[in-house]
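Overview (structure and organization)
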Amino acid sequence: MDIRNNVELNHNVDMFRKYKNLLKELTMKNVKLKYRSSWLGVFWSFLQPLLNMIVLSVVFGGIFGKKSDMIVCYPVYLFTGRLLFSFFTSSTKQALTSFRRNQAIIKKVYVPKYMYPLSSILSNFVTFAISLLCLICVWIFFKFTGISGGSELEITWYALLCFVPMVLLLIFSTGVGLVLSVISVYFRDVEYIWDVLTQLLFYMVPILYHLETIKTPWIVTIIKINPLYSMIELFRHCVLYGQIMSWKLLLYAAVISIATLIIGIIFFNWKSDDIIYHL
């Protein structure tokens, strides 16, 4: 059994190496197609999160931004949470529809099927990385103007560790995306259900508010169980609070992310051969 597993693992590694350039091309194609019909192109990766931050800050700044002493510069606090959450929702949604969008190619040319949801997730990670430039500009603006408590922002070397929660979020999103991509082939309504669930999830993660504003213990527990909470808080520890990451949150996020990826891979391998018959 061990020999068989090793042979299968080596085969999968060899196949990934063989098609890694294709994965790169599919990823870049998805990035280009996303902004193909717009005048501003990839600049929307910079502009869209900025506009979202401005709108949400104006609408909710007076409601949530002044209720907690723990919130350092509400617009930046909002931006950091919204940025990571947007990557999770956009990447999983595109992974969910990846087989239907590429069904013509899948039926004609053999390519490892995981290339399609994986390229969708990686393309969103590219735009997510571009959006970090916007976060840097926003951080500098509020720091030097002092608007909304921006003077309290501090930069430390811990900011260099922000890639850790980003990678964990990428791993977690990949696991979720692999599961959703398969399920959506069999049940088309999953796309609409996932839209509703992500809207609900948005309010179950401290993006607009700080966790201390929630006084009901069982709701606080549910929020803390959510893996997105730990990843967003770890990111904020690095770029917003200038603190070392909580090892408890880091351990929890790492275990959940890796476990989700393993489950996603196992489930995907279990059903991937039957996908073509349901497209």
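Scroll up to find the structure.
First things first, this report covers the structure right here in the doc. (Residues numbered from 1 in each chain as written. Predicted model: local features only at pLDDT ≥ 70, side-chain atom pairs only at ≥ 80, totals over all residues. Heavy atoms only, no water.)

**Focus on the overall build of the protein**
What counts, and what does not: Note on conventions: DSSP H or I runs of at least 4 residues are helices, E runs of at least 2 residues are strands, and numbering of each starts at the N terminus. Between buried and exposed lies partly exposed: a residue is buried under 20% and exposed over 50% of the maximum accessible area for its type, with that area taken using a 1.4 Å probe on protein chains only. Here, residues are in contact when the closest pair of their heavy atoms is within 4.5 Å. The Shrake-Rupley method, run with a 1.4 Å probe sphere, supplies the accessible areas, and residue values consider only the shown protein chains as cover.
Helix and strand counts for the protein come out as 12 helices and zero strands. Starting at the N terminus and ending at the C terminus, the protein contains elements arranged as α-α-α-α-α-α-α-α-α-α-α-α. Counting the 279 residues in the protein, one finds 46% classified as buried. For the protein, restricting intrachain contacts to residue pairs at least 6 apart in sequence, the fraction spanning at least 24 positions comes to 77%. Entry remark: accessible area of the protein is about 15100 Å², with carbon and sulfur atoms responsible for 68%.

**Overview of the packing of helix α8 (residues 163-186) against helix α11 (residues 227-239)**
Each pair of packed helices can be summarised by the angle the axes make with each other and by the distance between the axes. Quick reminder of the rule: Whenever a helix is involved, its axis is fitted only over the stretch in contact; in every case the axis is a line through C-alpha atoms, and angles between N-to-C directions fall within 0 to 180 degrees. Reported orientations rely on four angle classes, namely roughly parallel under 35 degrees, roughly antiparallel over 145, roughly perpendicular from 65 to 115, and oblique for the rest. Crossings are assigned a handedness: left-handed for a near helix turned anticlockwise from the far helix by less than a right angle, right-handed for a clockwise turn.
Put simply, α8 and α11 touch, their axes get as near as 9 Å, and they point 160° apart. In terms of their interaxial angle, α8 and α11 are classed as roughly antiparallel. The handedness of the crossing between α8 and α11 is left-handed. Counted together, Pro 165, Met 166, Leu 168, Leu 169 and Phe 172 of α8 and Pro 227, Leu 228, Met 231, Leu 234 and Phe 235 of α11 form the full contact between these two elements.

**Side note on the state of the cysteines**
Note the cut-off: Disulfide: a pair of cysteine sulfur atoms within 2.5 Å of each other.
Tallied over the entire structure, the rule returns zero disulfides. Of the cysteine sulfurs around Cys 134, a residue in no disulfide, the closest is that of Cys 137, at 6.5 Å. Using a relative accessible area of 1% as the deciding quantity, one classes Cys 134 as buried. Considering cysteine sulfurs only, Cys 162 is the nearest to Cys 238, which forms no disulfide, with 6.3 Å between them.

**Looking at the environment of Phe 268**
With respect to the helices, strands and loops of the structure, Phe 268 is situated in helix α12 (residues 247-271). Sequence-wise, Phe 268 and Tyr 114 are 154 residues apart; in three dimensions their C-alpha atoms are separated by 7.9 Å. Among all residues touching Phe 268, those that are not within four sequence positions of it are Phe 99, Lys 113, Tyr 114, Pro 117, Leu 178, Ser 181 and Val 182.

**Digging into the pattern of salt bridges**
We apply this condition: The salt bridge criterion pairs a side-chain nitrogen of Lys or Arg with a carboxyl oxygen of Asp or Glu, the two atoms within 4 Å.
This structure, assessed with the given rule, holds four salt bridges. Taking the shortest distance from any N to any O, the salt bridge between Arg 100 and Glu 191 comes out at 3.1 Å. Highlighted residues: Arg 100 in helix α5 (residues 98-101) and Glu 191 in helix α9 (residues 190-203), separated in sequence by 91 residues. Residue class for Arg 100 comes out partly exposed when judged on its relative accessible area of 21%. Note on Glu 191: relative accessible area 25%, which makes it partly exposed. Arg 236 is the salt-bridge partner of Glu 233, the closest N and O atoms lying 3.3 Å from each other. With a gap of three residues between them, Glu 233 and Arg 236 both fall in helix α11, about one helical turn apart.

**Re the nonpolar core**
Applicable threshold: Residues belong to one nonpolar core when they are buried, are Ala, Val, Leu, Ile, Met, Phe, Trp, Tyr or Cys, and are joined through side-chain atoms within 4.5 Å.
One finds Val 76, Phe 128, Leu 153, Leu 208 and Phe 235 to be the most contacted residues of the largest nonpolar core, which totals 59 residues. When contributions to this core are tallied by element, the ones reaching two or more residues are α3 (44-64), α4 (74-96), α7 (115-145), α8, α9, α10 (217-225), α11 and α12. Here this core takes 12 residues from α4, the largest share from any one element. When sequence neighbours within four positions are dropped, the list of residues in contact with Val 76 reads Leu 135, Val 138, Trp 139, Phe 142, Leu 153 and Leu 240. Ranked by size, the runner-up nonpolar core spans 14 residues in total, among them Leu 26, Met 115, Leu 178 and Phe 268.

**Topic: the packing of aromatic side chains**
Threshold: Here a pair means two rings of Phe, Tyr or Trp (six-membered ring of Trp) with centres within 6.5 Å. Their orientation is stacked below 30 degrees between planes, edge-to-face above 60, and tilted elsewhere. By definition, being over a ring means that NZ of Lys or CZ of Arg is both within 6 Å of the ring centre and within 35 degrees of the ring normal.
Within this structure, the stated rule accounts for 13 aromatic pairs. Between the aromatic rings of Phe 87 and Phe 128, the centroid separation amounts to 5.2 Å while the plane-to-plane angle is 20°, which identifies the pairing as stacked. One end of the pair, Phe 87, is in helix α4; the other, Phe 128, is in helix α7, with 41 residues separating them in the sequence. For the residue pair Phe 87 and Phe 128, the accessibility class agrees, reading buried in each case. An aromatic cluster is defined as three or more aromatic residues linked by ring pairs; in this entry it consists of Phe 85, Phe 202 and Tyr 203. Arg 236 extends its terminal NZ or CZ atom over the ring of Tyr 77, reaching a point 3.6 Å from the ring centre.

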